[in-house]
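Here is what each chain is made of, one letter per residue.
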Amino acid sequence: MSEADQGPEEEVPGLTIGISGPARKRTSDRLIALGLRLYGAHTHFIRPGSPIDVSLLDGIVLSGGSHIHPELYGQQPAIKARYDQLRDSTDQTLLAEAERLHLPVLGICRGAQLINVFRGGSLCQDVTPLRVKTRHRPLLLPLQPVGIVEPTRLGRIARTRKIGANRIHSQAIQWLGDGLRISAVDNDLFVQAIENTHGQWLMGVQWHPEYLLYHGVHRRIFQDFVRTAEQLKLARLTRGEYPQPEGLPPTSEGTDHD
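Described in the following lines is the structure provided in the data block.

With their axes 10 Å apart at the nearest point, helix 2 (residues 85-101) and helix 3 (residues 110-118) run at an angle of 65 degrees to one another. Taken together, the axes of helix 2 and helix 3 lie roughly perpendicular to each other. Both helix 2 and helix 3 take part in a crossing whose hand is right-handed. Along the contact surface, helix 2 presents Arg87, Asp88, Asp91, Gln92, Leu95, Ala96 and Glu99, while helix 3 presents Arg110, Leu114, Ile115 and Phe118.

So, on to the layout of surface pockets. When its volume is computed, the second largest pocket comes out at roughly 180 Å³. Along the walls of the second largest pocket sit 14 residues, with Gly65, Cys109, Ile168, His169 and His208 positioned nearest its centre. When its residues are assigned to classes, the lining of the second largest pocket shows three nonpolar, nine polar and two charged.

Turning to helix 1 (residues 27-37), its buried residues are Ser28, Asp29, Ile32, Ala33, Gly35 and Leu36. Viewed along the axis of helix 1, the buried residues span an arc of 160 degrees, placing them on a single side of the element. Elements in contact with the buried residues of helix 1: strand 1 (16-20), strand 2 (42-46), strand 3 (59-62), strand 4 (105-108) and helix 5 (216-238).

We now examine the packing of aromatic side chains. Tallied over the entire structure, the rule returns one aromatic pair. Geometrically, the ring pair formed by Trp201 and Phe225 is edge-to-face, given 5.3 Å between the ring centres and 65 degrees between the ring planes. Of the two residues, Trp201 is situated in the loop between strand 10 (191-196) and strand 11 (202-205) and Phe225 in helix 5; the sequence distance between them amounts to 24 residues.

Right, let's get into the sheet that holds strand 11. Sheet strands pair by backbone hydrogen bonding; their relative direction is either parallel or antiparallel. The strand order 2-1-3-4-11-10-9-6-7 describes an open sheet built from nine strands, whose pairing is mixed. In this open sheet, the two edge strands, each paired with only one partner strand, are strand 2 and strand 7 (162-167). Pairs of neighbouring strands in the sheet enclose a mean axial angle of 25 degrees, with direction left out of account. Pairing between strand 10 and strand 11: three bridges, direction antiparallel.

So, how was this worked out
Residues numbered from 1 in each chain as written. Predicted model: local features only at pLDDT ≥ 70, side-chain atom pairs only at ≥ 80, totals over all residues. Heavy atoms only, no water. Axes fitted to C-alpha atoms, helices over the stretch in contact; angles between N-to-C directions. Helix = DSSP H or I, 4+ residues; strand = E, 2+ residues; numbered from the N terminus. Parallel < 35°, antiparallel > 145°, perpendicular 65-115°, else oblique. Left-handed = near helix turned anticlockwise from the far one by under 90°. Contact = heavy atoms within 4.5 Å. 1 Å grid on protein atoms, 1.4 Å probe; cavity = no way out; pocket = protein on both sides within 12 Å on 5 of 7 lines; lining within 4 Å. Points joined across faces, edges and corners; volume = space filled by probe spheres on them. Nonpolar A, V, L, I, M, F, W, Y, C, P; charged D, E, K, R; others polar. Buried < 20%, exposed > 50% of the residue type's maximum accessible area, 1.4 Å probe, protein only. Arc of directions from axis to C-beta. Phe/Tyr/Trp six-rings, centres within 6.5 Å; stacked < 30°, edge-to-face > 60°. Pairing = 2+ DSSP bridges.

Here you go:
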């Protein structure tokens, strides 16, 4: 572990990250909270349908879980799957509010897919029979090779062109949504990570970094997310302005929520 990865860091007073999940909190949601707390953030769990004032949050994590209903991307269910349309609706509302308020968003597995669908993209409902060079069975250990696309924010976070990731999903991004770019792929070239092309810190990873906090590259995703949330909050409190994420062009979003 390098000095940059050592934690926990000094806590940022009042920094609160919302974690959107299912009705019942799971181990993965608790591990996400741990990953955020390592870098000083408090967390607030958001259940489907829960009323929440997003302006009181400093960032949002969309966790994994049930499949996104295909109606959201213009298809009918082609496989037998578990859906949670109330959660779909809640997460879409959170994404819209986060975009309006310029809050950072991290999507994990289902969350990455929801970001893509929210931006007008689509999903492949079952990639399992399409795999050729990657394993078919789920993996919790970081045994899936993932190639990082450069230059991207994820590339700056990872500091390497290849990482090991886990895999629990059977769906994957098919058509990319508006304003997004691919930042990682697996050996079958299925999309493994996406991010915003400009402005708001918005990233989705298809794997589960919360189960891999013992690896620096996966911790740094949480670190970069929390540090961005901290910078944005400090800017709101001191100048009423939003600093632009490093390496990205300025945007025209305002601060009418202050």
